[in-house]
Amino acid sequence: MCDGIAAELEGISLGDQRLNNRSARIIEALAADPAASVNAACSGWGETCAAYRFFKNSKVEPELILQPHVAATKRRIEEHPVVLIAQDTTELDFSLHPPEDAGCLNTKDRLGLYDHTHLAITPERLCLGVVGAEQFDRTPESLGKTKERKNLPIEEKESFRWLTGYRLASKLAGECRDTHIVSVADSEADIYDIFLEAEGHPTPADFVIRAKEDRSTPERDLDAGPAVYRKVRDEVSGSKVLVRKTIDLPQTPKRAARKAELEIRALRVTVKPPQARSRLPTVTMSVVLVEEVNGPQDGTAVSWLLLTTLPIDSIEDVLRVIDYYVARWAIEVYFRVFKTGCRVEEIQLETTKRINRIDPAYL
C-alpha cells in the first residue's frame, strides 16, 4: 500500500462505484512498486484479473481518471505565487511488443505512441502535478510529408497540441487569479498562433518559448536586398551584453553535465508573420539571447533565443526569464521517471486504449 496516493483519485466518477473503488486499489498497488508489472503489483490472481478487466472496461476513460488529479493539482497551484506550466512530448516505443492497433512513431518499423504532457511546477522545480495529457501516433502514409502539411489549418497539424497547451495555461490563469501562470516550452512550440493567442486571449498566460524559426522583423534589410527583412536574432545579438552568468547544465543523452559561462542580451522586438500568412498582424514581444562563451566545439554549446511576454526592464527580469526556461527541465525528469522508473514502455496490453488507462500520467 502506498499511503495517501489514492487521495489523488478522491471524487473520481467512472459511472460505477465499483469501478471507482477498483481504481483506488489499482493506483495504490502500482504506486507501491512502479517498476513492477501488473501481475507483480497485484496481490493474487483475483486482483490481477480484476485489474485487467478494469483496463478493458470501455467506461474507464483516461480523461476521467485524470480529472481528480487535475483538481488536486489546481488546489496546489493556488498555494503558490508563480507556477510554470511546462509542456513537452515524449515517445513511447512499443516496437518489441506492439498493441494490435499500434501506430507509427518516426519510421514505419517503430511502433508506439507519443505522450504530450502539461506539468505544473514552481520556479524552484517543485512538481505540483499534471494538468493535462494527450496521446497521438502516426500512420505510415503520413510519414515524410511535412511540406504537404505546412499550409494546413493549425487544427489539422500535430503542432496544434502546443497551442492547446498554451490555451490550457491561459484557462488556468483565469481560474487561479492569485497565481501568476507562465507557459514554458522548448522550440517545437515556436508557433505564430501562440503569439497571436497571447495578444487576444481574455486571460492570457505569459509564455517563455525557445525560438526555432528564423523570424523576421517588419524592417527591411536594404544592404541584403529590397525584399529581405531584418532577422530577430541579428537584432538581439547586435545589442549590448546585459550580464554574464554561470549556470550548471545537467547531463543529457547528448552532453555531459558541466558549468556554462553565458552572455545574456535582451530586447523588445516586433515580429512579422510568416511569409505564407502575411495578412496576419505583427506581434511585439521580449526576446532574450543566451549564448555560451568558450563552450565545447561539439555542437552542445548553449545558444538559446527565448521569446517571452514577461518584462525585461531590469537585469533581474531578464534572469527570471532564463530561470523559468531552465526550470522546464523538470518535465524531462518527469519523463525519465515515467519511462525508466515506471517502465511504461514495458507494458504489454492488447490495445493502446488499455495502455492509456495505465499511463502514469493518469494513474
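Each remark here, short or long, concerns the structure printed above.
In every chain, residue numbers begin from 1 and rise along the written sequence. Per-residue local features of the predicted model are confined to residues with pLDDT of at least 70, and side-chain atom pairs are confined, for both listing and counting, to 80 or more; whole-chain, interface and lining totals are unaffected and use all residues. Note: side-chain values were computed over all heavy atoms of the structure, leaving out hydrogens and water.

Focus on the overall build of the protein
Broken down by element type, the protein carries 11 helices and 12 strands. Since a compact globule built from 363 residues should have a radius of gyration of about 21 Å, the 22 Å found for the protein is in line with a globular shape. Taken over 363 residues, the protein has a buried fraction of 48%. Accessible areas in this description were obtained via Shrake-Rupley with a 1.4 Å probe; residue shielding takes into account the shown protein chains only. Accessible area of the protein: about 18300 Å², with a carbon and sulfur share of 49%. When charges are counted, neither His nor the chain ends are considered; positive counts come from Lys and Arg and negative counts from Asp and Glu. Charge positions come from single atoms, namely NZ of Lys, CZ of Arg, CG of Asp or CD of Glu. Of note, the protein has its 49 positive side-chain charges centred 2 Å away from the centre of its 57 negative side-chain charges. Working definition: helices are DSSP H or I runs of at least four residues, strands are E runs of at least two. Numbering for both runs from the N terminus. In this description the radius of gyration comes from C-alpha coordinates, and the expected globular size is given by 2.2 Å times residues to the power 0.38. Remark: exposure states derive from per-residue accessible area (1.4 Å probe, protein chains only) relative to the maximum for the residue type, with buried under 20%, exposed over 50%, and partly exposed in between.

Considering the pattern of salt bridges
Salt bridges are identified by distance alone: a Lys or Arg side-chain nitrogen within 4 Å of an Asp or Glu carboxyl oxygen. Under the definition given, this model contains 24 salt bridges. Salt-bridge contacts for Glu 175 lead to Lys 74; the nearest nitrogen and oxygen are separated by 2.7 Å. Placement of Glu 175 in helix 6 (residues 160-175) and of Lys 74 in helix 4 (residues 62-77) is noted, with a sequence separation of 101 residues between them. Its relative accessible area of 34% is what places Glu 175 among the partly exposed residues. A salt bridge links Arg 320 to Glu 316; the shortest N-O distance between them is 3.7 Å.

Here we look at the nonpolar core
By nonpolar core is meant a set of buried Ala, Val, Leu, Ile, Met, Phe, Trp, Tyr and Cys residues that side-chain atoms within 4.5 Å join together. In terms of nonpolar packing, the biggest core is built from 43 residues, with Val 288, Trp 304, Leu 306 and Ile 322 touching the most fellow members. Element by element, the count of residues in this core is highest for helix 9 (residues 315-327), at eight residues. Ala 185, Ile 194, Ile 209 and Val 232 belong to the second-largest nonpolar core, a separate cluster that totals 37 residues.

A few points about the pairing of strand 10 (residues 258-271)
Only strands joined by at least two bridges in the DSSP assignment are considered to pair. Sheet topology places strand 9 (residues 243-249) next to strand 10; seven bridges connect them, and they run antiparallel. Across the sheet, the residue bridging to Arg 244 is Glu 263, located in strand 10. Across 10 bridges, strand 10 lies against strand 11 (residues 283-292) in antiparallel orientation. Directly across from Val 269, in strand 11, lies its bridge partner Met 285.

As for the side chain of Thr 90
Checked against the element boundaries, Thr 90 lands in strand 1 (residues 82-93). Here a polar contact is recorded for every N or O atom pair within 3.5 Å, except that within protein the pair must consist of a potential hydrogen donor and a potential acceptor, and residues adjacent in sequence are included only if both atoms are side-chain atoms. Of the polar contacts made by the side chain of Thr 90, one reaches the side chain of Lys 339; its length is 2.9 Å. With near-sequence residues (within four places) excluded, Thr 90 lies in contact with Leu 113, Tyr 114, Asp 115, Phe 335, Phe 338 and Lys 339. Here, residues are in contact when the closest pair of their heavy atoms is within 4.5 Å.

Details of the packing of aromatic side chains
How two aromatic rings sit relative to each other is set out by the distance from centre to centre and by the angle between their planes. Pairs were defined over the aromatic rings of Phe, Tyr and Trp, the Trp ring being its six-membered one, requiring ring centres within 6.5 Å. Orientation was assigned from the angle between planes: stacked under 30 degrees, edge-to-face over 60, tilted for the rest. Taken as a whole, this structure holds eight aromatic pairs when the rule is applied. For the pair Tyr 114 and Phe 136, a centre-to-centre distance of 5.1 Å together with 15° between the ring planes defines the contact as stacked. Note that Tyr 114 is positioned in strand 3 (residues 111-121) and Phe 136 in strand 4 (residues 127-136), a separation of 22 residues in sequence. Owing to a relative accessible area of 8%, Tyr 114 belongs among the buried residues under this scheme. On the numbers, 5.9 Å between centres and 75° between planes, the contact of Tyr 192 with Phe 195 is edge-to-face. Of the two residues, Tyr 192 and Phe 195 are both situated in helix 7 (residues 192-200); the distance of three residues between them amounts to about one turn of the helix. Through a chain of ring-to-ring contacts, the aromatic side chains of Tyr 166, Tyr 192, Phe 195 and Phe 207 assemble into a single cluster.

Side note on the packing of helix 1 (residues 17-32) against helix 3 (residues 45-56)
Here the axes come from fitting lines to C-alpha atoms, over the contacting stretch only for helices, and the angles between their N-to-C directions go from 0 to 180 degrees. Closest axis-to-axis distance for the helix 1/helix 3 pair is 11 Å, and the angle between their directions is 115°. The way helix 1 lies across helix 3 gives a crossing that is left-handed. Contacts between helix 1 and helix 3 involve Leu 19, Arg 22, Ser 23 and Ile 26 from the first element and Glu 47, Ala 50, Ala 51, Phe 54 and Phe 55 from the second. Only Asp, Glu, Lys and Arg are considered charged in this grouping, and only Ala, Val, Leu, Ile, Met, Phe, Trp, Tyr, Cys and Pro are considered nonpolar; every other residue, Gly among them, is considered polar. Of the residues that constitute the contact of helix 1 with helix 3, the class distribution is six nonpolar, one polar and two charged. Left-handed describes a crossing whose near helix is turned anticlockwise from the far helix through less than a right angle; right-handed describes the clockwise counterpart.

What to know about the environment of Val 182
Looking at the secondary structure, you find Val 182 in strand 5 (residues 180-185). For Val 182, a relative accessible area of 0% gives the class buried. Through-space distance from the C-alpha of Val 182 to that of Arg 167 is 11 Å; in sequence the pair is 15 residues apart. Setting aside residues no more than four positions away along its own chain, Val 182 makes contact with Val 83, Leu 84, Ile 85, Asp 206, Phe 207, Val 208, Leu 310 and Tyr 324.

Quick look at the state of the cysteines
Only a pair of cysteine sulfur atoms within 2.5 Å qualifies as a disulfide here. For the structure shown, the criterion picks out zero disulfides. The closest cysteine sulfur to the non-disulfide-bonded Cys 49 is located on Cys 42, 9.3 Å from its own sulfur.

So, the pairing of strand 11
Burial analysis of strand 11 places eight of its 10 residues in the buried class, the great majority of the element. Relative to strand 12 (residues 303-308), strand 11 runs antiparallel, the two being bridged by six bridges. Within strand 12, the position partnered with Leu 289 by the bridge is Leu 305.

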